2 protein chains.
Amino acid sequence: MDCIAGLLSLREGQAFVIHAGAHVQDIIDNNQIFRVLNRDVVKFMPLPMAQDIALHDAAGETLGLSVRAFAVPGKIPLYQETSDDPRLLASAAAVIGLAITGPGGQRMVYIPGCAAVTDEVRHEIAQADLLFFDGTLWEDDEMIRAGLSQKTGKRMGHISISGEDGSMAALSGVTAARKIFIHINNTNPILCAGSPQAEAVRAAGWEIAYDGMECRL
Amino acid sequence: MDCIAGLLSLREGQAFVIHAGAHVQDIIDNNQIFRVLNRDVVKFMPLPMAQDIALHDAAGETLGLSVRAFAVPGKIPLYQETSDDPRLLASAAAVIGLAITGPGGQRMVYIPGCAAVTDEVRHEIAQADLLFFDGTLWEDDEMIRAGLSQKTGKRMGHISISGEDGSMAALSGVTAARKIFIHINNTNPILCAGSPQAEAVRAAGWEIAYDGMECRL
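The notes below deal with the structure included here.

Reading the values: rules and limits
Residues numbered from 1 in each chain as written. Chains lettered and ligands numbered in written order. Predicted model: local features only at pLDDT ≥ 70, side-chain atom pairs only at ≥ 80, totals over all residues. Heavy atoms only, no water. Pairing = 2+ DSSP bridges. Helix = DSSP H or I, 4+ residues; strand = E, 2+ residues; numbered from the N terminus. Axes fitted to C-alpha atoms, helices over the stretch in contact; angles between N-to-C directions. Salt bridge = Lys/Arg side-chain N within 4 Å of Asp/Glu carboxyl O. Buried < 20%, exposed > 50% of the residue type's maximum accessible area, 1.4 Å probe, protein only. Phe/Tyr/Trp six-rings, centres within 6.5 Å; stacked < 30°, edge-to-face > 60°. Least-squares fit on C-alpha atoms with pLDDT ≥ 70 in both. Contact = heavy atoms within 4.5 Å. Buried area = accessible area lost by both parts, 1.4 Å probe. Polar contact = N/O pair within 3.5 Å; in protein donor to acceptor, adjacent residues only side chain to side chain. Disulfide = S-S within 2.5 Å. Right-handed = clockwise from strand over helix to strand, strands pointing away.

### Examining the sheet that holds strand β6 (residues 107-111) of chain A
All names here are of chain A. If you walk across this open sheet you meet the 7 strands as β3-β4-β5-β6-β7-β8-β9, and the pairing is mixed. The open sheet has two edge strands, β3 (52-56) and β9 (206-208), and neither has a second partner. Across the sheet, the axes of successive neighbouring strands diverge by a mean angle of 25°, strand direction being ignored. Strand direction decides the pairing type here: β3 and strand β4 (residues 62-71), joined by 4 bridges, are antiparallel. Bridge pairing in β4 places Ile53 opposite Val67.

### Quick look at the pattern of salt bridges
For side chains bearing opposite charge, pairing can occur when the charged atoms are close. Residues and elements named next belong to chain A. Under the counting rule described, the total for this entry stands at 18 salt bridges over all chains. Lys154 is paired through a salt bridge with Asp140; the nearest N and O atoms lie 4.0 Å apart. Here Asp140 lies in the loop between β7 (130-134) and α4 (142-145) and Lys154 lies in helix α5 (residues 153-156), a separation of 14 residues in the sequence. Judged by its relative accessible area of 61%, Lys154 falls in the exposed class. Residue classification places Asp140 among the partly exposed positions, given a relative accessible area of 21%. If you follow the salt bridges from partner to partner, you end up with Arg68, Arg107 and Glu124 in one network.

### Description of the packing of aromatic side chains
How two aromatic rings sit relative to each other is given by the distance of their centres and the angle of their planes. Applying the stated criterion across every chain, the model contains 3 aromatic pairs over all chains. Where Phe181(A) meets Trp206(A), the ring centres are 3.9 Å apart and the plane angle is 10°; that geometry is what we call stacked. Here Phe181(A) is found in strand β8 (residues 178-182), whereas its partner Trp206(A) is found in strand β9, with 25 residues between them in sequence. Given a relative accessible area of 2%, Trp206(A) falls into the buried group. One aromatic cluster in this structure is built from Phe133(B), Phe181(B) and Trp206(B).

### Considering the relation of the copies chain B and chain A
Its rotation angle being 180°, the transformation that places chain B on chain A also includes 0.0 Å of axial translation and leaves an RMSD of 0.0 Å. Taken together, the rotation angle and the small translation identify this as a two-fold axis. Among all residues of chain B, the minimum C-alpha distance to the rotation axis is found for Asn31(B), at 3.5 Å. A share of 100% of the interface residues of chain B reappears at the interface of chain A, consistent with the copies meeting face to face through the same patch.

### Concerning the sheet that holds strand β6 (residues 107-111) of chain B
The strands that make up a sheet pair up through hydrogen bonds in the backbone, lying either parallel or antiparallel. Residues and elements named next belong to chain B. Taken in spatial order, the 7 strands of this open sheet run β3-β4-β5-β6-β7-β8-β9, and their pairing is mixed. Two strands lie at the open edges of the sheet, namely β3 (52-56) and β9 (206-208), each paired on one side alone. Adjacent strand axes in the sheet meet at a mean angle of 25° when their direction is disregarded. The strands touched by helix α7 (residues 196-203) within the sheet are β8 (178-182) and β9, with β9 carrying the most contacts at an inclination of about 135°.

### Remarks on the interface of chain B and chain A
Listed per partner, the contact involves 16 residues of chain B and 16 residues of chain A. The largest contributions to the chain B side of the interface with chain A come from Met1(B), Ile33(B) and Tyr79(B), which together make up 37% of the buried area. On inspection of chain B and its partner chain A, the count reaches 2 salt bridges. A salt bridge links Asp2(B) to Arg11(A); the shortest N-O distance between them is 2.5 Å. The interface formed by chain B and chain A includes 3 residue pairs in polar contact (both at pLDDT 80 or more).

### Some details on the environment of Glu139(A)
All names here are of chain A. Position of Glu139 relative to the elements: it lies in the loop between β7 and α4. Look at Glu139 and you get partly exposed, because its relative accessible area is 34%. Between the C-alpha atom of Glu139 and that of Ile161, which follows or precedes it by 22 residues, the distance is 6.8 Å. Beyond its immediate chain neighbours, meaning those up to four positions away, Glu139 contacts Arg145, Ser160 and Ser162. A polar contact is formed between the side chain of Glu139 and the side chain of Arg145, at a distance of 2.7 Å.

### Here we look at the state of the cysteines
As used here, a disulfide is simply a covalent bond connecting the sulfur atoms of two cysteines. Following the criterion strictly, the structure yields 0 disulfides over all chains and no others. Lacking any disulfide linkage, Cys114(B) is separated from the closest cysteine sulfur, that of Cys3(B), by 14 Å.

### Concerning the pairing of strand β7 (residues 130-134) of chain B
Residue and element names in this part refer to chain B. Counting buried residues in β7 gives 5 out of 5 residues, a clear majority hidden from the surface. Relative to β7, β6 runs parallel, the two sharing 4 bridges. Note that in β7 the partner of Tyr110 across the bridge is Phe132. Remark: the β6/helix α3 (residues 119-125)/β7 crossover connection has right-handed handedness.

What follows is the structure, encoded as structure tokens:
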């Protein structure tokens, strides 16, 4: 949802290219509301997994960037769920990360949702200069304790930041010059400036994303 | 689209009530992406035609407002079209206006899309203190002449502002203290401050809506 709802605001005839993996492409193709995008103007390009793809604008001009999509442990979106069966919730194609490489070889890795830091995820992150990583929750049950939801982070497909099996521990060896938590839920105490959790994150070399943040490589 | 896309941004567990006519309710019910609205939290209320309905918040408290929906000539949304047949495009239930009455009897009438000013439309507007009306186009073919679209206003279900059969002429007898054109397309020259068209609209007692505009009754 976070990645496709904005398309409904980009329907006014401006030419652009959407690079989408098969799972997202299917959602868009099969949902009537996305017919607001005029296919004569908006071009769709497939986003194959684990391949470096050179990016072009709608006129075919090169952008000097390449993108590589890779599989990340996770689950299908909530609105697509038809069952509580964990085997149906997991889908290799539903959750991806992106590695974007610039003309000078600068590498940004973007993983807004991640259920577990596997060897494959760690491999994709290894060469990053800038890492954006899933910072949804501090602890797995914080939404339940806040009385806001019955869902754990595990049920939502999000690893927590803290703890022995959390992302901060799992990614302690990452050498990226900048590591930034993104996709931060409003129950996550790292959003409170000066909280012990925010301090712990910063002490481990992480930054905390905010609206309007800009990064340069 | 303009009236339902924002629901995707209101999915975070806040309780509210959606009053929707049957046509819009069907769109939302039958589109998977709107499952992001938790039906335990977000309540749907029917919006019958030509009846005054007292409005309440999600906790059942009265808001002191009543709303009345009424049929307006128009067409189904573009993304729902399956044919160019004008008989299929027109739908009595697809396009509505709203009259909202406050505790002191103040009456606002809101008609963002309207293909023709019929006697029924004129009747609903008659008692308005504040009128918001479809100001999409100045002339029926302005999008074609600008090279932006092959569609006329008539094809889109929007009456133009200017001309003998335009909305300004048809609504010249309206007694509302304030009349404001809304839903203004980016090809409409009334958006250019000081243009002859903007001057003509203002000379006829109309205002031109802008982002962030607030009105009090």
